[in-house]
Number of protein chains: 2
Amino acid sequence: MNKSDRAIGVFDSGVGGLTVLRALRARLPDELFVYLGDTARLPYGTKSRESIERYALQAASLLIKQEVKCLVVACNTASAMALDVLRRELAPLPVIGVVEPGAEAGCRASRSGRIAVIATDSTVRGGAYEAAISRQCATAQVTARACPLFVALAEEGLIAGPIVEAIAHRYLDDIFAIPEAQRPDTLVLGCTHFPVLIDPLRKVVGDQVVIVDSALTAAVALEQELARTGLRRAAVPSKAAWLRLLATDGRERFARVGGIFLGATLSAEDVELVDLGV
Amino acid sequence: MNKSDRAIGVFDSGVGGLTVLRALRARLPDELFVYLGDTARLPYGTKSRESIERYALQAASLLIKQEVKCLVVACNTASAMALDVLRRELAPLPVIGVVEPGAEAGCRASRSGRIAVIATDSTVRGGAYEAAISRQCATAQVTARACPLFVALAEEGLIAGPIVEAIAHRYLDDIFAIPEAQRPDTLVLGCTHFPVLIDPLRKVVGDQVVIVDSALTAAVALEQELARTGLRRAAVPSKAAWLRLLATDGRERFARVGGIFLGATLSAEDVELVDLGV
């Protein structure tokens with residue numbers, strides 16, 4: 001098999017990364033994908049750097065056994081915490097995270113240089129988005145806010161209505177309900193779960209704010225990386241299914257909750273259980 | 001050391017079990033405790049029986065190395081899923097769960113036999129409370145409802161106010177906002193996180209409903225078991241601190257969020273990191 005015909009490995013702590021997979025598939029419809037959700041150990045967003053690095057290396061090693069041609073770290077927390085160690089250990093395999101593309105797109109979108117980032121606890125505490133944005137634009141003013149309840153809401157499929165909006169107001173009003181001269185003009189969604197909440201977020205931050213979905217920007221980054229490394233798959237019909245779904249626990253829940261993020265109905269039979277040896 | 005002078009081991013998936021620890025300490029002020037929160041793998045409430053059994057056995061084995069005289073499984077999900085295997089593997093060590101005592105108290109409290117149970121996804125799906133209540137009272141009508149957002153709310157310290165009440169109405173109105181002749185007269189809190197939400201829950205279900213906190217009932221069950229087995233610690237002053245806190249990940253977060261559940265301020269230095277070898 002041609003190396004470029006191999007699948008793209010996508011790794012996430014759970015099912016939220018299916019928003020990234022969906023964006024990758026939309027941008028790169030000729031590619032094959034193997035998605036691994038480490039559902040046995042989710043969420044990563046509350047765990048330490050050491051644990052997240054270890055989990056990410058175990059997940060990557062399983063995907064490499066599936067002969068993937070590159071790795072997309074769909075999980076923001078793992079991108080923030082473990083991208084360096086993954087690149088070092090897996091070289092020369094291309095490894096794409098979601099933080100750098102999101103930061104880059106945030107910088108491009110912002111005119112005022114005031115950028116807000118919403119993410120999990122760990123991503124915010126790790127400061128990865130601030131660091132990545134500063135590398136792109138040294139004068140940017142970044143406000144990062146941890147929004148852990150958004151994760152629980154999205155996983156429950158509670159993605160619109162007054163409860164979601166009230167929680168969004170609670171998290172965001174002190175950032176956005178202020179005079180325009182101080183208000184950020186750009187909001188980066190720094191967690192895979194958040195794209196499904198885009199409608200209530202739009203209502204709360206207003207029409208003037210650009211919302212950057214790091215799933216979309218990661219898809220562009222992957223496309224460029226495949227082009228650069230000559231790994232883009234030729235548009236030939238394939239009998240293989242375009243997607244394999246692997247999970248470390250709970251096929252039923254993966255299918256039920258995953259459908260929200262993939263935007264398609266899944267059944268437990270679509271999901272293969274794998275063991276990361278832990 | 002006298003066997004009865006040994007500490008009581010308390011095990012939970014994270015910090016929610018500190019509500020149980022608090023109830024145990026209030027009931028048994030002369031006892032010593034070692035609390036282990038498996039924060040590296042929380043939450044259990046969305047994971048499979050196989051994983052939960054394995055995690056519980058690993059946690060118990062670590063506590064047994066600490067020479068505990070008995071084990072309290074503070075986690076409802078682990079009590080529901082893994083109590084049988086723990087009792088079998090650890091015999092003759094006394095093992096107390098929170099489900100049986102909660103079910104028993106629910107049956108005692110209910111006059112109508114209509115009992116509602118709120119818990120995590122896994123606990124509800126496993127049907128453990130229904131089974132335990134049926135064993136006590138064959139004619140009881142049990143309505144179980146998974147309330148996963150309550151866990152996220154409690155962990156964020158968002159334990160009162162309109163957002164919490166709106167979510168409680170969403171979960172509970174079809175059970176409680178109905179004519180009294182069909183309404184349950186008892187609500188069992190089947191998750192360690194829920195006692196901190198008791199005020200908004202009370203507002204939503206009304207004053208007529210008895211709310212059973214399984215932390216309190218587990219404390220009574222433990223007291224009885226210690227008396228039965230002659231393991232009750234004598235009321236002698238001890239130089240040893242009454243509590244050791246062990247966690248598998250994230251001392252800072254354990255201290256910050258754990259304080260909400262223990263009802264006391266904790267610092268990261270109060271928490272020892274341990275490795276379950278995974």
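Residues numbered from 1 in each chain as written. Chains lettered and ligands numbered in written order. Predicted model: local features only at pLDDT ≥ 70, side-chain atom pairs only at ≥ 80, totals over all residues.

Enquirer: Provide a residue-level description of the overall build of chain A, including the pertinent values.
Expert: The number of helices and strands found in chain A is 11 helices and 10 strands. Relative to the globule expectation of 19 Å for 278 residues, the C-alpha radius of gyration of chain A, 18 Å, shows essentially globular dimensions. C-alpha extents for chain A along the principal axes are approximately 60 × 40 × 40 Å. The buried share of chain A, reckoned over its 278 residues, is 55%. (Helix = DSSP H or I, 4+ residues; strand = E, 2+ residues; numbered from the N terminus. Rg over C-alpha atoms; globule rule 2.2 N^0.38 Å. Buried ≥ 20, exposed ≤ 12 C-beta atoms within 10 Å, placed from the backbone.)

Enquirer: Give a description of the sheet that holds strand S6 (residues 141-146) of chain A that names residues and reports values.
Expert: All names here are of chain A. In space, the four strands of this open sheet follow the order S6-S5-S7-S8, with parallel pairing throughout. Only two strands of the sheet have a single neighbouring strand rather than two, namely S6 and strand S8 (210-213). Neighbour-to-neighbour, the strand axes of this sheet turn through a mean angle of 20°, independent of strand direction. Bridge count for strand S5 (residues 114-119) against S6 is six bridges, and the pairing is parallel. Counterpart to arginine 114 in the pairing with S6 is glutamine 141. (Pairing = 2+ DSSP bridges. Axes fitted to C-alpha atoms, helices over the stretch in contact; angles between N-to-C directions.)

Enquirer: So what's going on with the packing of helix H8 (residues 162-176) of chain A against helix H9 (residues 198-205) of chain A? Residues and values would help.
Expert: All names here are of chain A. The geometry of H8 relative to H9 is characterised by a closest axis approach of 9 Å and an angle of 45° between their N-to-C directions. In this view, H8 runs oblique relative to H9, as classed from their interaxial angle. As H8 packs across H9, the resulting crossing turns out to be right-handed. Within the contact between the two elements, H8 uses Val164, Glu165, Ala168, His169, Leu172 and Phe176 and H9 uses Pro200, Leu201, Lys203, Val204 and Val205. Of the residues assigned to the contact of H8 with H9, the class counts are eight nonpolar, one polar and two charged. (Parallel < 35°, antiparallel > 145°, perpendicular 65-115°, else oblique. Left-handed = near helix turned anticlockwise from the far one by under 90°. Contact = placed C-beta atoms within 7 Å. Nonpolar A, V, L, I, M, F, W, Y, C, P; charged D, E, K, R; others polar.)

Enquirer: Explain the environment of B:Ser48 residue by residue, including any values.
Expert: Position of B:Ser48 among the secondary structure elements: in the loop between strand S2 (33-37) and helix H2 (49-65). Note on B:Ser48: 20 C-beta atoms within 10 Å, which makes it buried. Each C-alpha atom of the pair B:Ser48 and B:Glu225 lies 29 Å from the other, and the pair is 177 residues apart in sequence. With near-sequence residues (within four places) excluded, B:Ser48 lies in contact with A:Asp249 and A:Gly250.

Enquirer: Before we move on, could you go through the interface of chain A and chain B and cite the residues and values that matter?
Expert: At the junction of the two partners, chain A supplies 20 residues and chain B supplies 20 residues. Those elements that place two or more of their residues in the side of chain A that touches chain B are helix H7 (148-155) and H8 of chain A. By residue class, the composition of the side of chain A that touches chain B is 10 nonpolar, four polar and six charged.

Enquirer: Got a sec to walk through the packing of helix H4 (residues 99-109) of chain A against helix H10 (residues 214-229) of chain A? Specific residues and values, please.
Expert: Residues and elements named next belong to chain A. Axis separation between H4 and H10 bottoms out at 8 Å; the angle between their running directions is 105°. Judged by the angle between their axes, H4 and H10 are roughly perpendicular. Contact residues: Pro101, Gly102, Glu104 and Ala105 in H4; Ser214, Thr217, Ala218, Val220 and Ala221 in H10.

Enquirer: Residues and numbers for the domain arrangement of chain A, please.
Expert: All names here are of chain A. For chain A, the assigned domains are domain 1 (3-97 + 216-273) and domain 2 (99-214). Mapped onto the side of domain 1 that touches domain 2, the elements with two or more residues apiece are helix H1 (18-27), helix H3 (76-90), H10 and helix H11 (251-262). Partitioning the side of domain 1 that touches domain 2 into residue classes produces 14 nonpolar, 10 polar and two charged. (Domains from an automatic or database assignment.)

Enquirer: An account of unusual backbone geometry is needed here, citing residue identities and associated values.
Expert: Between A:Leu42 and A:Pro43 the backbone carries a cis peptide bond, its omega angle lying at -10°. With respect to the helices, strands and loops of the structure, A:Pro43 is situated in the loop between strand S2 (33-37) and helix H2 (49-65). Here the residue pair A:Ala91 and A:Pro92 is connected by a cis peptide bond, since its omega of 5° sits within 30 degrees of zero. With respect to the secondary-structure elements, A:Pro92 resides in the loop between H3 and strand S4 (95-96). In this model, B:Glu67 sits at a positive phi of 60°, which is unusual for a non-glycine residue. Of the residues examined, B:Glu67 has 12 C-beta atoms within 10 Å and is grouped as exposed.

Enquirer: Can you lay out the relation of the copies chain A and chain B for me, pointing to particular residues and giving the numbers?
Expert: Both copies of the chain are related by one operation, a rotation about an axis with a shift along it. For the pair chain A and chain B, the relating rotation is 180°, the translation along its axis is 0.0 Å, and the fit reaches an RMSD of 0.0 Å. What we have between these two chains is a two-fold relation. Take the interface residues of chain A: 100% of them recur as interface residues in chain B, which is what a same-surface contact looks like. (Least-squares fit on C-alpha atoms with pLDDT ≥ 70 in both.)

Enquirer: I'd love a proper account of the nonpolar core, names of residues and values included.
Expert: Core analysis: the biggest nonpolar cluster contains 198 residues, and A:Val72, A:Val73, A:Tyr129, B:Val72, B:Val73 and B:Tyr129 have the highest contact counts within it. With sequence-adjacent residues up to four places away left out, B:Val72 is seen in contact with B:Ile8, B:Gly9, B:Val10, B:Val20, B:Leu24, B:Ile96, B:Ala218 and B:Leu222. (Core = buried A, V, L, I, M, F, W, Y, C linked by C-beta atoms within 7 Å.)

Enquirer: Pulling in residues and values, what's your account of the sheet that holds strand S8 (residues 210-213) of chain B?
Expert: Two modes of strand pairing occur in sheets, parallel and antiparallel, and in both the strands are linked by backbone hydrogen bonds. Residues and elements named next belong to chain B. Read across the sheet, four strands follow the order S6-S5-S7-S8 without closing on themselves; strand pairing throughout is parallel. The open sheet has two edge strands with one neighbour each: strand S6 (141-146) and S8. For this sheet, the mean inter-axis angle between neighbouring strands, taken without regard to orientation, is 20°. Looking at chain direction, strand S5 (residues 114-119) and strand S7 (residues 186-189) are connected through four bridges and run parallel. Note that in S7 the partner of valine 117 across the bridge is valine 188. Relative to S8, helix H4 (residues 99-109) is tilted by about 160°, and along the sheet it contacts S5, S7 and S8.

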